[in-house]
Amino acid sequence: MEQNLKEILLKHSNELFGLQVEEQLIQFQKTRKEVEGDLTLVIFPFVKLLRCSPLEAGDKIGRFLMKQNSSIEKYEVVSGFLNFVISPEFWISKLNAIHQEATYGYAKENSKPLIMVEYSSPNTNKPLHLGHLRNNFLGYAVSEILKANGHSVIKTQVINDRGIHICKSMLAWEKFSPLNEKGERETPQNTGLKGDKLVGKYYVIFDQQFNAEAKTIITGWESGDFTHFSEDIKTEFNRLEEAKEGKDEKAVKGLDEKIKDLAKNQTTLIREAKDMLIKWEARDPQVYLLWTTMNNWVYAGFDVTYKAMGVDFDKLYYESETFLLGKDIVLEGLKKGVFFKKDDGSVWIDLTADGLDEKLVLRSDGTAVYMTQDIGTAIDRFNDYPALNGMIYTVGNEQDYHFKVLFLILEKMGYAWAKNCSHLSYGMVDLPTGKMKSREGTVVDADDLMQEVVDKATEMTRERGHLEGMSENEKNDLFNLIGMGGLKYYLLKVDPKKRMMFNPDESIELNGNTGPFIQYTHARIKSLLTKSAALNLEQATDCKNIEDVEKEIIKLLVEYPSIIEEAAKEQSPAVIANYTYELVKTYNNFYQTIPILIEENEITKHMRLVMSVNVAKVISSAMRLLGVKVPERM
RNA sequence: GGCCCCGUAGCUCAGCUGGAUAGAGCAAUUCACUUCUAAUGAAUAGGUCUUUGGUUCGAAUCCAAACGGGGUCACCA
């Protein structure tokens, strides 16, 4: 409708305004609720052109458009805004059109280029936590949204399965695991612990032992004991100690941190971990076996968690297989002059012309850094998938700078696809008690949280749900669907870019702007439809009139395809969430005030049911894009 | 300190490609279940959109600065 009127105005621009107006000037918007009308044209931009009052200008345009478009029933100019009332027939015809489309709102499958979406990127030394939940739900939802927009999508995760941090948990397990009566160390099998939890436990143990050892060392230094330590260490310690003199609290704290780091580097534990990493890199069979075994425990654990989360991946990348990539590319770039070498042999890129700094891409000993790897993997992926057009990295916003640099490097290296790479940057999840910190034990475990949320849903649903005749399995599925729906919706309804507050009590709340609120509306519609099975709801409606609320609902349904487009453009599932909430609220208002099944006029009743069918269709479709399932009853 | 992000009701968030009287949910108060699922709906109250200046017919929205909060500036990943 909007498009149609815009075209008419452009086509007859000369006739109306005496010159060809620019498209930008024509601004349509939704009519405000308090005002009568369905569509509004802003008149201010035309006032100057027509050299008359807004009222006259609006009247002139309104009269003209009404002649051109028969769906306009009337128009009115209010303080510079031209409001059109569109005929009920128009809206009903829209409803009928929506009714015919099974996948309403979705673009044609595979009509747009192939995109890779990376999300999750866990470390294999600890279990997934709340931050991963936001990351995963977000990455999954964006993938689904892109698919709905016609893209083909490859969902991937990078598994950070190597490095010193992995060796830490391996070492701790070897050193500190108690032996059972059979002389075995702890395993998922003999403890019943989930693999990722068991490995995570030893990562924590490493940290504790490591800190304790460092503390002992510092205590020794403080009492002047430097046996087993080099002269350099002694000098450095004394230098730091003396520097504390007369400094404020903050500076002293910083110096204490430096002393701690100094001591940490002297611990036997860190040395042993480093030795283990070197052995791993040399593919020492024993270390490799340990590494494989423990990683497999973690993968088994992750599988369970991912399944509960309802996310999946099409392709896995392991850092252990890709961490050497990128070096050749850097050397090639060095020849091309993209990078430069410093005297010590380290390789850098100078981004000062782009307003950034110099960035290291290869250490002086020739080994790779994080950036090197990322350059290599990006290129590797485009080699793996020749049809690949772009890539989206779902990574926290603390890495904004890293990705800015990465994309810039790839661009400078001459990769045309670099401009199609983007960082889906999301904000941190805060708790009411503050930031999540693993060291302070304030990390919210993903499995625990999901369990808690499902337990709460179980309790609430047993209390007020409509569960008659459901088997225990069906009931459990429902509890799960409600609990997980609530959690996902809670994490996705907020703009991903922004940091968000996670209130555990609110996440399992069932009233207001929540997942269960939307699910409930869906179930209620399904209940109506079950009771009206005798009617032919496939058929289009012949109804001629609609109530205001009904018109509002149809207007929202009409918006759905553009909402999906916007969500893809913004890479924001929150757009979908907020739209669905609006739709559901409007429908509930309708449901509460207008008779549906008990309506006596059969044609009206049929229309209201057809409308309900389509509201349920859109709710279910929109929630599917968020990874949220909707129940038939609850 | 340099750079990046954020600041809207008591709390959590929408709105931000400039447009009419800034919207929801939670919390508070009130009303509506012999009527289609009340996990609902209706209503009341709650705002100098951090501040100041600028651009404009018009600014929560754009620009600049200040203040406040966070992130980042490793030969860590």
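Conventions used here
Residues numbered from 1 in each chain as written. Chains lettered and ligands numbered in written order. Predicted model: local features only at pLDDT ≥ 70, side-chain atom pairs only at ≥ 80, totals over all residues. Heavy atoms only, no water. Patch = residues over 30% accessible without salt bridge, like charges linked within 9 Å, V, L, I, M, F, W, Y side chains within 5 Å. Areas by Shrake-Rupley, 256 points an atom, 1.4 Å probe, with all protein chains shown as cover. Salt bridge = Lys/Arg side-chain N within 4 Å of Asp/Glu carboxyl O. Lys, Arg positive; Asp, Glu negative; His and termini not counted. Charge placed at Lys NZ, Arg CZ, Asp CG, Glu CD. Helix = DSSP H or I, 4+ residues; strand = E, 2+ residues; numbered from the N terminus. Buried < 20%, exposed > 50% of the residue type's maximum accessible area, 1.4 Å probe, protein only. Contact = heavy atoms within 4.5 Å. Domains from an automatic or database assignment. Pairing = 2+ DSSP bridges. Axes fitted to C-alpha atoms, helices over the stretch in contact; angles between N-to-C directions. Near = heavy atom within 4 Å. Polar contact = N/O pair within 3.5 Å; in protein donor to acceptor, adjacent residues only side chain to side chain. Nonpolar A, V, L, I, M, F, W, Y, C, P; charged D, E, K, R; others polar. Phe/Tyr/Trp six-rings, centres within 6.5 Å; stacked < 30°, edge-to-face > 60°. Parallel < 35°, antiparallel > 145°, perpendicular 65-115°, else oblique. Arc of directions from axis to C-beta.

**Brief notes about a negative patch on the surface**
Then, in step 1: A grouping of D448, E452, D455, E459, E463, D505, E506 and E509 is seen on the molecular surface, where their side chains present a negatively charged patch.
Then, in step 2: Looking at the negative patch, the elements that each hand over two or more residues are α18 (446–464) and α20 (504–507).
Then, in step 3: Tracing the sequence through the fold places E463 in helix α18.
Then, in step 4: Relative accessible area serves as the criterion here: at 60%, E463 is assigned to the exposed category.

**As for the environment of F237**
Then, in step 1: By secondary structure assignment, the location of F237 is in helix α10 (residues 231–243).
Then, in step 2: The contact partners of F237, leaving out residues within four places of it in the chain, are W221, E222, F226, I259 and L262.

**Re the domain arrangement of chain A**
Then, in step 1: When its domains are assigned, chain A resolves into domain 1 (2–86), domain 2 (121–161 + 320–430), domain 3 (164–229 + 266–302) and domain 4 (449–625).
Then, in step 2: Computed over C-alpha atoms only, the centres of domain 1 and domain 3 are separated by 72 Å.

**Examining the sheet that holds strand β4 (residues 81–86)**
Then, in step 1: Spatial ordering of the open sheet is given by β1-β2-β4-β3, a layout of four strands whose pairing is antiparallel. Of all the strands in the sheet, just β1 (28–30) and β3 (72–78) have a single pairing partner and so form its edges. Averaged over all adjacent pairs, the angle separating strand axes in this sheet is 30°, with direction ignored.
Then, in step 2: Relative to β4, β3 is paired through six bridges, and the arrangement is antiparallel. In the sheet register, V77 faces β4, and the bridge partner there is L82.
Then, in step 3: Packing against the sheet, helix α1 (residues 2–11) makes contact with β1, β2 (39–42), β3 and β4, and its axis sits at approximately 155° to β1.

**Section: the environment of D455**
Then, in step 1: Counting through the fold element by element, D455 comes out in helix α18.
Then, in step 2: Along the chain, D455 and I508 lie 53 residues apart, while their C-alpha atoms are 9.7 Å from each other.

**Brief notes about the sheet that holds strand β12 (residues 421–426)**
Then, in step 1: What the five strands build is an open sheet, ordered β7-β6-β5-β11-β12; its pairing is parallel. Here the strands that pair on one side only, and so sit at the sheet edges, are β7 (315–318) and β12. Geometrically, the sheet is characterised by an average inter-axis angle of 25° between neighbouring strands, direction not taken into account.
Then, in step 2: When strand β5 (residues 112–118) meets strand β6 (residues 151–159), the two strands line up parallel, connected through six bridges. Residue pairing across strands places I115 opposite V153, the latter belonging to β6.
Then, in step 3: The strands that helix α6 (residues 130–148) touches are β5, β6, β11 (388–396) and β12; relative to β6, the one it contacts most, it runs at about 160°.
Then, in step 4: Packing against the sheet, helix α17 (residues 400–412) makes contact with β11 and β12, and its axis sits at approximately 175° to β12.

**Observations regarding the protein's contact with RNA strand B**
Then, in step 1: Neighbouring residues of RNA strand B: 58 residues in total, closest F81, D344, K435, Y520 and K531.
Then, in step 2: Near the protein, within 4 Å, the atoms of RNA strand B are sugar or phosphate in 62% of cases.
Then, in step 3: In the model, a phosphate oxygen of RNA strand B is placed 2.9 Å from a nitrogen or oxygen of the R32 side chain.
Then, in step 4: Across the surface near RNA strand B, the residue classes break down as 24 nonpolar, 19 polar and 15 charged.

**Focus: the side chain of T305**
Then, in step 1: In this structure, T305 sits in helix α13 (residues 285–309).
Then, in step 2: The class for T305 is buried, based on a relative accessible area of 1%.
Then, in step 3: Here the side chain of T305 touches K194 through a polar contact of 2.8 Å, side chain to side chain.

**Brief notes about the pairing of β5**
Then, in step 1: When you tally the buried positions in β5, you get five out of seven residues, the bulk of the element.
Then, in step 2: With five bridges connecting them, β5 and β11 associate as parallel partners. The residue bridging V117 from the neighbouring strand is I392, located in β11.

**Details of the packing of aromatic side chains**
Then, in step 1: Taken as a whole, this structure holds 28 aromatic pairs when the rule is applied.
Then, in step 2: Relative to W291, the ring of W280 lies with its centre 5.2 Å away and its plane at 70°, an arrangement referred to as edge-to-face. Of the two residues, W280 is situated in helix α12 (residues 268–281) and W291 in helix α13; the sequence distance between them amounts to 11 residues.
Then, in step 3: When the centroid spacing of 5.0 Å and the interplanar angle of 45° are considered together, the rings of Y393 and F403 count as tilted.

**Brief notes about the packing of helix α7 (residues 164–176) against helix α9 (residues 195–222)**
Then, in step 1: Where α7 meets α9, the closest approach of the two axes is 8 Å, and the angle between their N-to-C directions is 85°. Considered as vectors, α7 and α9 are oriented roughly perpendicular to each other. Each of H165, K168, S169, L171, A172, W173 and F176 in α7 lies in contact with α9, whose residues at this interface are V199, Y202, Y203, I205, F206 and Q209.
Then, in step 2: Considering only residue class, the contact of α7 with α9 consists of nine nonpolar, three polar and one charged.

**Let's talk about helix α15 (residues 327–336)**
Along an α-helix, residues three or four apart share an orientation, since each turn contains 3.6 residues.
Then, in step 1: What α15 keeps buried is the set I329, V330 and G333. All buried residues of α15 lie within an arc of 100° about the axis, which places them on one face of the element. α15 presents D328 and K335 as exposed residues on the side facing more than 90 degrees away from its buried surface.
Then, in step 2: Looking at the buried side of α15, the elements it contacts are β9 (347–350), β10 (358–362) and α16 (370–384).
Then, in step 3: Of the residues trailing α15, G337 is marked for its positive phi of about 90°.

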